[in-house]
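Residue-level structural notes
So the chains spell out like this:
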Amino acid sequence: MLEIQSLSYQIKGKYLLQDISANFKPGEISIILGANGAGKSTLMQLIAGLIRPTAGEVLFDNQPIKAISLQEMAKKRAVLSQENELAFPLLVNEVVMIGRYPHFDSQPNKIDHDICEQAMDLFGIASFKDRN
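This section reports on the structure supplied with the text. Nothing here was measured: the structure is a model prediction, and the numbers come from that model.

Each value, and the rule that gives it
Residues numbered from 1 in each chain as written. Predicted model: local features only at pLDDT ≥ 70, side-chain atom pairs only at ≥ 80, totals over all residues. Heavy atoms only, no water. Salt bridge = Lys/Arg side-chain N within 4 Å of Asp/Glu carboxyl O. Helix = DSSP H or I, 4+ residues; strand = E, 2+ residues; numbered from the N terminus. Buried < 20%, exposed > 50% of the residue type's maximum accessible area, 1.4 Å probe, protein only. 1 Å grid on protein atoms, 1.4 Å probe; cavity = no way out; pocket = protein on both sides within 12 Å on 5 of 7 lines; lining within 4 Å. Points joined across faces, edges and corners; volume = space filled by probe spheres on them. Nonpolar A, V, L, I, M, F, W, Y, C, P; charged D, E, K, R; others polar.

In this section: the pattern of salt bridges. Throughout the structure, instances matching the rule amount to three salt bridges. Between Lys110 and Asp114 there is a salt bridge, and its shortest N-O distance comes to 2.9 Å. Taken as a pair, Lys110 and Asp114 lie in helix α4 (residues 110-122) at a separation of four residues, close to a single helical turn. A relative accessible area of 59% places Lys110 in the exposed class. Among the residues examined, Asp114 registers a relative accessible area of 32% and is labelled partly exposed. Close ionic contact of Lys129 with Glu117 constitutes a salt bridge, the shortest N to O distance being 3.5 Å. Here Lys129, found in the segment after α4, pairs with Glu117, found in helix α4; they are twelve residues apart in sequence, far enough to count as distant. With a relative accessible area of 28%, Lys129 lands in the partly exposed category. The partly exposed category is assigned to Glu117, whose relative accessible area is 31%.

Below is the structure:
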């Protein structure tokens, strides 16, 4: 489970987010909605551990994310920005496989490919797997 407790973030004395709390449970899909400039991207950066909160805490499985190694966090979560520019095109199945990189050393095996297939099926994107 992912939990945010009294999360705040400020820059130069101005709050971008203030006192936000929420729980995100495994197996559920959550949506964060808000107007431009409402703090959605900042919240995602805080949840992902890319920036540190001014106050409050982000917990993953009841453990502060700041106490979890980057390698271990990479095995538990993935973050894909909505604005990604790539130097070269990748197929959808290649982008999905990027989420498996922390789980193998040099080459994905059948289990990794099966997990990616299951993920694409779950989200209804299997028909796009060979598209850029």
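On we go from here.
Here we take up the layout of surface pockets. In this structure, the largest pocket spans a volume of roughly 2,400 Å³. Surrounding the largest pocket, 48 residues form its lining, Met44, Arg77, Ala78, Val79 and Leu80 being those nearest its centre. Those elements giving two or more residues to the lining of the largest pocket turn out to be α1 (40-48), α2 (70-76), α3 (92-98) and α4. Of all the elements, α1 adds the most residues to the lining of the largest pocket, at six residues. Taken together, the residues of the lining of the largest pocket sort by class into 31 nonpolar, ten polar and seven charged. The space that makes up the second largest pocket amounts to roughly 260 Å³.

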